[in-house]
Protein chains: 2
Amino acid sequence: MIAIIGSGNVASHLYEALKDKTDVVIINPHTLEGLPSKVDIFLIAVADSAIRQVAERLPVTMDALVAHTAGSVSMDILDSVSLSYGVFYPLQTFSKNLILNYKEIPVFIEGNNSEAIKKLKNLASLFSDKIFEADSEKRKQLHLASVFACNFTNALMGVADELLRQSDFDFSVVLPLLSQTVKKLETLSPEQAQTGPASRGDTSVLADHLNMLDKFPEYQQIYKIISDIIVSKRLQNIQK
Amino acid sequence: MIAIIGSGNVASHLYEALKDKTDVVIINPHTLEGLPSKVDIFLIAVADSAIRQVAERLPVTMDALVAHTAGSVSMDILDSVSLSYGVFYPLQTFSKNLILNYKEIPVFIEGNNSEAIKKLKNLASLFSDKIFEADSEKRKQLHLASVFACNFTNALMGVADELLRQSDFDFSVVLPLLSQTVKKLETLSPEQAQTGPASRGDTSVLADHLNMLDKFPEYQQIYKIISDIIVSKRLQNIQK
């Protein structure tokens, strides 16, 4: 029996991913109402700061495994809770009411012993084709990379949205461009896929764009820094 | 008869998009070899800095329309070349050997008279379902927004790639995350779709991540600026 402890997006998506594959319940972390008496694996999917507190309230039996699902929280936060503990980190952005292809979600596993690792890998294999081991240090690095790849990408879309609204265009006009940008990365490295004025070394357009951003000092700063990175990578490639 | 003047990605994709729909040729801008004697529309798809020079060498007849395909070049660069001129700007990232869904590519049209606008719209409608008018000022703004949405997104993927390689992970582990980030934007605004430590106000993870970027001052700067933007948008939303 698997008990997912949580009421947010990660908890409900993990429940969706597992419900037809194994015995699984989803339990409110505040009340723990409906918790079965015999649980083999507790999966704690709550806010980072609440993990320890929730874990310490669980009725963990001798042979039960306790794991959390957070990217940036060390496994050791669970060491006082059970003899067997670990981390079950699905690398995805979870939103309510959006259907996900669970097979595609990479899951990163850590455990304090080989049996714990094996159990968590078996659990992940019920829905995912992409299972990796990652210790707490590597998982933090993964989380950091995914902040750039996902959260910051979304923030840049917010900037594009604002700039487009200034010209009375809807954000949807850049969506095909964005889809293609992502599609290219299935076959090209980010370096190979780079296009645009900075990658062409088009200093006249760069100067023009910086001018246009005079009223948005933060966006101007982002424009400068990211363009500098693109230009310096381009020069490195030319020297190769 | 349409003559696409250019040898790069934009020229060859426009040719692909049009070849089964109308009489069209693609012509090398250096030699102009094979240029038909009667051309109705010249589409100049060359580097920004070469547009004027290429345009001035074209054998433009009285009733021919001349247009360029650049995002950040004013229409007026063509005013000495023909009585009828304009811009035909497809908003997409074009790479060789990648198949595109041309129906989905928004095309932004400008013309120096209503007849020119009508002709360019008709041409765009041969492959695209999304045709808009945009004067040179608006088109520049579109180009700027698309640099954030496309070129800078790709550059952030380069950063993620570098961070992942540090932990011996392949860039492909973040691709499902990236696809989902884009998919969410089909139904949510960038503000609604925002997730991650900055949007949760998780200052402990933010401090941790900044620490981890100590060896990458540019990436640290990007992390700070974009997180600040996410945090301030979040606070604005709370106040709403």
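Residues numbered from 1 in each chain as written. Chains lettered and ligands numbered in written order. Predicted model: local features only at pLDDT ≥ 70, side-chain atom pairs only at ≥ 80, totals over all residues. Heavy atoms only, no water.

Caption draft 1: Local environment of helix H8 (residues 203-212) of chain A. Every buried residue of H8(A) is accounted for by A:Val205, A:Leu206 and A:His209. The arc enclosing the buried residues of H8(A), seen along the axis, measures out at 100°, which places them on a common side. With respect to the buried face of H8(A), the exposed residues turned more than 90 degrees away are A:Thr203, A:Ser204 and A:Asn211. At its buried positions, H8(A) is contacted by helix H7 (197-200) and helix H9 (217-239) of chain A together with helix H4 (136-166) of chain B. (Buried < 20%, exposed > 50% of the residue type's maximum accessible area, 1.4 Å probe, protein only. Helix = DSSP H or I, 4+ residues; strand = E, 2+ residues; numbered from the N terminus. Arc of directions from axis to C-beta. Contact = heavy atoms within 4.5 Å.)

Caption draft 2: Geometry of the interface of chain A and chain B. On the chain B side, the residues contacting the 85 residues of chain A number 85 residues. For the pair chain A and chain B, the two sides together bury roughly 8000 Å², of which 70% comes from carbon and sulfur. The largest share of the area that chain A buries against chain B comes from A:Phe148, A:Asn154 and A:Leu177, three residues that together contribute 8% of it. Applying the counting criterion to the chain A and chain B interface returns six salt bridges. For B:Lys140, the salt bridge is made with A:Asp208, and the minimal N-O distance between the two is 3.2 Å. Contributions of two or more residues to the side of chain A that touches chain B are made by strand E7 (131-133), helix H4 (136-166), helix H5 (175-184), helix H6 (190-193), H8 and H9 of chain A. Per-element accounting of the side of chain A that touches chain B gives the leading share, 27 residues, to H4(A). Considering only residue class, the side of chain A that touches chain B consists of 46 nonpolar, 23 polar and 16 charged. (Buried area = accessible area lost by both parts, 1.4 Å probe. Salt bridge = Lys/Arg side-chain N within 4 Å of Asp/Glu carboxyl O. Nonpolar A, V, L, I, M, F, W, Y, C, P; charged D, E, K, R; others polar.)

Caption draft 3: How the structure looks around the packing of aromatic side chains. Inspection of the entire model under this criterion finds 20 aromatic pairs over all chains. Pairing A:Phe169 with B:Phe108 gives two aromatic rings, centres 5.2 Å apart and planes at 80°, and the pair type is edge-to-face. Of this pair, A:Phe169 sits in the loop between H4 and H5 while B:Phe108 sits in strand E6 (residues 107-111), placing the two residues on different chains. B:Phe108 sits in the buried class, given a relative accessible area of 0%. Aromatic rings pair up to connect A:Tyr89, A:Phe108, A:Phe132 and B:Phe169 into one cluster. Sitting over the ring of B:Phe169, A:Lys138 keeps its end group 5.5 Å from the ring centre. (Phe/Tyr/Trp six-rings, centres within 6.5 Å; stacked < 30°, edge-to-face > 60°. Lys NZ or Arg CZ within 6 Å of the ring centre and 35° of its normal.)

Caption draft 4: Focus on the relation of the copies chain A and chain B. When chain A is fitted to chain B, the best match, at an RMSD of 0.0 Å, comes from turning it 180° and sliding it 0.0 Å along the axis. The superposition of one copy onto the other is thereby described by a two-fold rotation axis. Minimal C-alpha separation from the rotation axis in chain A is found for A:Thr153, amounting to 2.7 Å. Most of the interface of chain A is mirrored in chain B: 100% of its interface residues are interface residues there too. (Least-squares fit on C-alpha atoms with pLDDT ≥ 70 in both.)

Caption draft 5: Structural view of the sheet that holds strand E1 (residues 2-5) of chain B. Residue and element names in this part refer to chain B. The strand order across the open sheet built from seven strands is E2-E1-E3-E4-E5-E6-E7, with neighbouring strands paired in mixed fashion. Only two strands of the sheet have a single partner each, and these edge strands are strand E2 (24-27) and strand E7 (131-133). Each adjacent strand pair in this sheet contributes to an overall mean axis angle of 25°, direction not counted. Pairing of E1 with E2 involves four bridges; the strand directions are parallel. Looking at the pairing, Ala3 lines up with Val25 of E2. Where helix H1 (residues 9-18) meets the sheet, its contacts fall on E1, E2, strand E3 (41-44) and strand E5 (84-90), and the angle it forms with E2 comes to roughly 165°. The strands that H4 touches are strand E4 (65-68), E5 and E6; relative to E5, the one it contacts most, it runs at about 20°. (Pairing = 2+ DSSP bridges. Axes fitted to C-alpha atoms, helices over the stretch in contact; angles between N-to-C directions.)

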